[in-house]
Amino acid sequence: MKRLLACLLLAALAGCSALPDKPVRQTMYDFGPVPPVEAPPAGTRQPLLLPDVETGGILESPSLLYRLAYEDPHQLRAYAFARWSAPPAQLVRQRLQDVLGVERAVLDNAAAAALSRRGGSPPPVLRVELEEFSHVFDSPAESRGVLRLRCTLLENTPGGERLVAQRSFVLQRPSPSADPAGGVRALTAATDAAARDIAAWLRQR
């Protein structure tokens, strides 16, 4: 009987060890609260139409991307258990609207169309293309968030849109840790810096 009980106990322990591990839950990230922005009061500058940020390929998904530059800088990888709460283009547009909106009205396509129907002047258009948005590792312990986008400012005229100015912005910020959370903080800081740079660029136009 003792021998039988011992066998049953060993079988039970073996069965427990064969149970699958608890599934790893995916972590979702966004940019967090908008940092304080020092700028003229809202409404002091001409309204601006900011359409959806344009992008393509894997950047259309909410994947949190990284590169191992010390192995292959041309390969984009996605973190398995971390992602953005929305595609990066949507998060970047929202941040731009938050920062630029401190000193001017920032409209989407529907609001701009409603303004035109009421007889208002069509606002200038800021088209933004997101070209790079990734957590880049220069070594296993050192990494940075890299953001690259191109802005095109257009004026609405009776004959159509006219090019006013165009500029590319490349922002990099160091990551405080070599993991998804560190990449998120670095990319958030790069996006905030880009929004401030774009606001300053628009003031000069």
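Details of the structure are given in the entry above.
Visitor: Is there a simple way to explain the packing of aromatic side chains in this structure?
Guide: Pairs of aromatic rings are described using the distance from one ring centre to the other and the angle between the two planes. Inspection of the entire model under this criterion finds six aromatic pairs. With a centroid separation of 5.5 Å and an interplanar angle of 50°, the aromatic rings of Trp84 and Phe133 are classed as tilted. In this pair, Trp84 is assigned in strand E4 (residues 77-84) and Phe133 in strand E6 (residues 125-137), connecting sequence segments 49 residues apart. Owing to a relative accessible area of 2%, Phe133 belongs among the buried residues under this scheme. Consider the rings of Phe169 and Trp201, whose centres lie 5.9 Å apart with planes at 80°: the pair is edge-to-face. Remark: Trp201 occurs in helix H4 (residues 180-203) and Phe169 occurs in strand E8 (residues 160-174); sequence separation between them is 32 residues. Grouping residues by exposure puts Phe169 and Trp201 together as buried.

Visitor: Is there a simple way to think about the pairing of strand E3 (residues 63-68) in this case?
Guide: Two faces, one strand: in a regular strand the side chains alternate between the faces of the sheet. E3 sits mainly inside the fold: five of its six residues count as buried. Here three bridges tie E3 to E4, and the two strands are oriented antiparallel to one another. Within E4, the residue paired with Tyr66 across the bridge is Arg77. One ladder, built from three bridges, connects E3 with E6; its direction is parallel. If you follow Leu68 over to E6, its bridge partner there is Phe137.

Visitor: Just to check I follow, could you spell out the nonpolar core for this structure?
Guide: The nonpolar side chains of a soluble globular protein tend to be buried, and buried together. With 43 residues, the main nonpolar core has Trp84, Leu100, Leu126, Phe133, Leu149 and Ile198 as its most contacted residues. For this core, the elements supplying multiple residues, two or more each, are E3, E4, helix H2 (88-100), E6, strand E7 (143-157), E8 and H4. Ranked by residues supplied to this core, first place goes to H4 with 10 residues. What Leu100 contacts, discounting residues up to four positions off in sequence, is Leu48, Val106, Leu126, Ala195, Ile198, Ala199 and Leu202. Core analysis: the second largest hydrophobic core is formed by five residues, Leu107, Ala112, Val125 and Leu154 among them.

The rules behind the values
- Residues numbered from 1 in each chain as written.
- Predicted model: local features only at pLDDT ≥ 70, side-chain atom pairs only at ≥ 80, totals over all residues.
- Heavy atoms only, no water.
- Phe/Tyr/Trp six-rings, centres within 6.5 Å; stacked < 30°, edge-to-face > 60°.
- Helix = DSSP H or I, 4+ residues; strand = E, 2+ residues; numbered from the N terminus.
- Buried < 20%, exposed > 50% of the residue type's maximum accessible area, 1.4 Å probe, protein only.
- Pairing = 2+ DSSP bridges.
- Core = buried A, V, L, I, M, F, W, Y, C linked by side-chain atoms within 4.5 Å.
- Contact = heavy atoms within 4.5 Å.

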